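If you want the building blocks of each chain, they are given just below.
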Amino acid sequence: WERSRPRVWALAGVTLAVMGLETAVLALGLLPGGAVALAGGPTAAWVTLLVLGGIAGFALAIHLYFALALAPVVVVLERAGVRASLRRSRELVKGAWWRTFGVLVLVGLIANVMAGILSVPFSFGSVLVSFGDSTPNPYSALPLLLTSVGTIIAAAITWPFSAIATTLVYVDRRMRREALDLELARAAGRTPEAPGPA
């Protein structure tokens with residue numbers, strides 16, 4: 001937190017920039033079909049354009065999302081600005097988009113499963129409270145409170161897990177592209193050629 005606190009505004013800027021780019025790409029994909037529809041063109045034409053444009057825009061949005069996925073890490077660790085971090089993320093992911101995609105999707109799936117498992121006791125407690133109330137009150141806040149607490153606890157555990165995994169992907173990309181492991185070995189006072197301790 002001490003390291004990332006001064007970069008909160010830059011992190012917010014990166015988040016907004018990525019969201020803006022995603023929205024713009026999707027809108028551009030739908031634009032031709034929307035234009036034809038507004039001009040009163042044939043229904044088959046604008047529906048086809050909307051479907052094809054939506055698919056193309058969605059595919060490009062997914063590509064951009066994972067190409068820019070390392071930008072928040074760059075903002076914190078390299079102290080880069082918003083535009084510089086977006087460019088840097090694209091450079092690091094270049095040539096390894098599928099690998100980055102696979103790892104981050106797997107991390108997301110694990111985080112979602114963890115969140116589901118962690119929230120089960122609270123959801124179960126919420127159901128028990130609702131059924132155990134002899135005088136049901138539709139405005140009772142206790143079930144909602146239990147569910148909210150479960151969601152907060154799950155997020156408190158899974159968000160750091162996802163952030164750490166993304167940081168490890170960043171370190172992996174730098175090791176593969178820029179020999180960061182050799183730099184770290186030199187900084188630790190070891191010659192990179194020397195075998196590590198047993």
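Above this text is the structure in question.
Criteria and thresholds
As a convention, each chain's residues are numbered from 1 in the sequence order in which they are written. Reporting of local features is limited, given that this is a predicted model, to residues whose pLDDT is at least 70; pairs of side-chain atoms are given and counted only at 80 or more, and all residues count toward the totals for whole chains, interfaces and linings. Only heavy atoms go into the side-chain values, all of them from the structure, while hydrogens and water stay out. All axes here are fitted lines through C-alpha atoms, helices being fitted over the stretch that makes contact, and every angle between N-to-C directions spans 0 to 180 degrees. Secondary structure counts use DSSP, requiring at least four H or I residues in a row for a helix and at least two E residues in a row for a strand, with both numbered from the N terminus. Relative orientations are named as follows: roughly parallel for angles under 35 degrees, roughly antiparallel for angles over 145 degrees, roughly perpendicular for angles from 65 to 115 degrees, and oblique for any other angle. Crossing handedness is defined as follows: a turn of the near helix away from the far one that is anticlockwise and smaller than a right angle gives a left-handed crossing, while the clockwise case is right-handed. We call two residues in contact when some of their heavy atoms are within 4.5 Å. Only protein chains enter the calculation, and the probe is 1.4 Å; a residue is then buried if its accessible area is under 20% of its type maximum, exposed if over 50%, and partly exposed in between. What makes a salt bridge here is a side-chain nitrogen of Lys or Arg within 4 Å of a carboxyl oxygen of Asp or Glu, nothing more. Think of a nonpolar core as a cluster: buried Ala, Val, Leu, Ile, Met, Phe, Trp, Tyr and Cys residues, connected wherever their side-chain atoms sit within 4.5 Å.

K.L.:
Looking at this structure, I do not really get the packing of helix H1 (residues 8–38) against helix H4 (residues 82–93). What am I missing?
P.N.:
A packed helix pair is summarised by two numbers, namely the angle formed by the two axes and the spacing between the axes. Two elements in contact, H1 and H4, have axes separated by 9 Å at closest approach and are oriented at 60°. By the angle between their axes, H1 is oblique relative to H4. Regarding H1 and H4, the two cross each other, and that crossing is right-handed. Contacts from Ala10, Gly13, Val14, Ala17 and Val18 in H1 reach Val82, Ser85 and Leu86 in H4.

K.L.:
What exactly am I supposed to notice about unusual backbone geometry here?
P.N.:
We note that Arg79 has phi near 55°; this positive angle belongs to a residue other than glycine. Of note, Arg79 is situated in the loop between helix H3 (71–77) and H4. What makes Arg79 partly exposed here is its relative accessible area of 41%.

K.L.:
Explanation requested: the pattern of salt bridges in the structure shown.
P.N.:
If the charged atoms of two oppositely charged side chains come close together, the side chains can form a pair. Inspection of the entire model under this criterion finds 6 salt bridges. Here Glu178 makes a salt bridge to Arg88, at a shortest N to O gap of 2.6 Å. Within this pair, whereas Glu178 is found in helix H6 (residues 142–178), its partner Arg88 is found in helix H4, the two being separated by 90 residues in sequence. Salt-bridge contacts for Arg99 lead to Asp172; the nearest nitrogen and oxygen are separated by 3.5 Å. Taken as a pair, Arg99 in helix H5 (residues 97–132) and Asp172 in helix H6 lie far apart in primary sequence, 73 residues in all. Owing to a relative accessible area of 42%, Arg99 belongs among the partly exposed residues under this scheme.

K.L.:
Which parts of the structure should I look at to understand the nonpolar core?
P.N.:
The tendency in soluble globular proteins is for nonpolar side chains to be buried side by side. Formed by 13 residues in total, the largest nonpolar core has its most connected members in Leu70, Val74, Leu92, Trp97, Leu104 and Tyr170. Those elements that provide at least two residues to this core are helix H2 (43–67), H3, H4, H5 and H6. Apart from the residues within four sequence positions on either side, Trp97 is in contact with Ile62, His63, Phe66 and Ala67. Membership of the second largest hydrophobic core comes to 10 residues, among which are Val14, Val25, Leu68 and Val75.

K.L.:
Help me understand the side chain of Arg88 in this model?
P.N.:
Residue classification places Arg88 among the buried residues on the basis of a relative accessible area of 14%. Each residue touching Arg88, except ones within four places of it in the same chain, is listed here: Val74, Glu78, Arg174 and Glu178.

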